[in-house]
Amino acid sequence: MAPALSCLGSRHKHSLPDLPYDYGALEPHISAEIMQLHHSKHHATYVNNLNIAEEKYLEVLTKGDVTAQVSLQPALRFNGGGHINHTIFWTNLSPSGGGEPQGELNEAIKRDFGSFEKMKEKLTSISVGVQGSGWGWLGFNKENGRLQLASCPNQDPLQGTTGLIPLLGIDVWEHAYYLQYKNVRPDYLKAIWNVINWENVAERYRAAKK
């Protein structure tokens, strides 16, 4: 037990990942102001709070305080999910994105949804329909080898709560679009397809199938 706890004590702290593009690179579809606040404030807060929660968890773990361990689970889930989700989200977007996927990802989408447009419509509908805050996802079901759509509330991570491997995430928290699109979530969702990085999604699909 002692060696394991010692290893936990020297854990690597999480850090905010750099964006692979400038804050204004996704304009006019997503404004620079939104991107800056979303990345440098919101995502940074999840990272900071995750580190705090993990430090507290380590403390109560060493004490064997199971009640305190359980009480910290919501903070770990929320902030850990926020960090995981946003780290995927930034790479799912690109100033040279948009259009349709190519190759094996495109073939898989046609196989599992009928066409790219049908998948796009369904994922948009799922994302519009998220009550309050959450995410719409295109994921990979490892058990049956097929693509699957899902939504997750709040910052619940897709894989940790559904078992699906995340390929494409669409953030529908208001902080992702309100400064530009106000309360009209469908307009934001229409615009975001213009900056989807299908090369990144395809890379994730190839990795998920291994």
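Residues numbered from 1 in each chain as written. Predicted model: local features only at pLDDT ≥ 70, side-chain atom pairs only at ≥ 80, totals over all residues. Heavy atoms only, no water.

Asker: When you look at the UniProt feature "domain: Manganese/iron superoxide dismutase N-terminal" (unreviewed entry) in the protein chain in this model, what are you seeing that I'm missing?
Answerer: Following the UniProt record, one finds the feature "domain: Manganese/iron superoxide dismutase N-terminal" (unreviewed entry) at residues 13-94. Overall, residues 13-94 shows 71% helix and 0% strand. The separation of its end C-alpha atoms is 27 Å. (UniProt positions renumbered as here; feature names shortened; annotations may be inferred. Helix = DSSP H or I, 4+ residues; strand = E, 2+ residues; numbered from the N terminus.)

Asker: Help me understand the sheet that holds strand S1 (residues 134-141), please; the structure alone is not making it clear to me.
Answerer: The 3 strands are arranged S2-S1-S3 in an open sheet whose pairing can be described as antiparallel. The sheet is open, and its two edges are formed by strand S2 (146-153) and strand S3 (165-171), each paired on a single side. For this sheet the average axis-to-axis angle between neighbouring strands, irrespective of direction, equals 25°. Across 8 bridges, S1 lies against S2 in antiparallel orientation. Residue pairing in the sheet places Asn 141 in a bridge with Arg 146 of S2. Set on the sheet, helix H6 (residues 116-128) makes contact with S1, S2 and S3; between it and S2 the angle comes to about 15°. Relative to S3, helix H10 (residues 198-209) is tilted by about 150°, and along the sheet it contacts S1, S2 and S3. (Pairing = 2+ DSSP bridges. Axes fitted to C-alpha atoms, helices over the stretch in contact; angles between N-to-C directions. Contact = heavy atoms within 4.5 Å.)

Asker: For this particular structure, what's the right way to read the domain arrangement of the protein chain?
Answerer: Many analyses report the size of an interface as the accessible area lost when the parts associate. Looking at the assigned domains, one finds that the protein chain contains domain 1 (32-92) and domain 2 (103-209). Its C-alpha centre places domain 1 at a distance of 22 Å from the equivalent point of domain 2. In this complex, domain 1 contributes 18 residues to the contact, which on the side of domain 2 involves 28 residues. Across the domain 1 to domain 2 interface the summed buried area is about 1700 Å²; carbon plus sulfur atoms make up 59%. Its largest share of buried area at the contact with domain 2, domain 1 owes to Ile 34, Asn 85 and Asn 92, together 37% of the area lost on that side. Our count for the contact surface shared by domain 1 and domain 2 stands at 1 salt bridge. Here Arg 77 makes a salt bridge to Asp 156, at a shortest N to O gap of 2.9 Å. At the boundary of domain 1 with domain 2, the tally comes to 14 residue pairs in polar contact (both at pLDDT 80 or more). Contributing elements (two or more residues each) for the side of domain 1 that touches domain 2: helix H2 (32-63) and helix H4 (73-92). With 12 residues, H4 is the single largest residue contributor to the side of domain 1 that touches domain 2. (Domains from an automatic or database assignment. Buried area = accessible area lost by both parts, 1.4 Å probe. Salt bridge = Lys/Arg side-chain N within 4 Å of Asp/Glu carboxyl O. Polar contact = N/O pair within 3.5 Å; in protein donor to acceptor, adjacent residues only side chain to side chain.)

Asker: Hey, could you run me through the pattern of salt bridges in this one?
Answerer: Pairs can form between side chains of opposite charge once their charged atoms are near each other. Following the criterion strictly, the structure yields 5 salt bridges and no others. A salt bridge links Lys 13 to Glu 55, with the nearest nitrogen and oxygen atoms 2.8 Å apart. Linking Lys 13 in the loop between helix H1 (2-9) and H2 with Glu 55 in helix H2, this pair joins segments that are 42 residues apart in sequence. Here Asp 112 and Arg 146 are joined by a salt bridge, their closest N and O atoms 2.4 Å apart.

Asker: I tried to follow the pairing of S3 on my own but got confused; where do I start?
Answerer: A regular strand places its side chains so that they alternate between the two faces of the sheet. Among the 7 residues in S3, 7 count as buried, and that is most of the element. As defined by bridge partners, S1 adjoins S3 across 6 bridges and the pair is classed as antiparallel. Residue pairing across strands places Trp 135 opposite Asp 171, the latter belonging to S3. (Buried < 20%, exposed > 50% of the residue type's maximum accessible area, 1.4 Å probe, protein only.)

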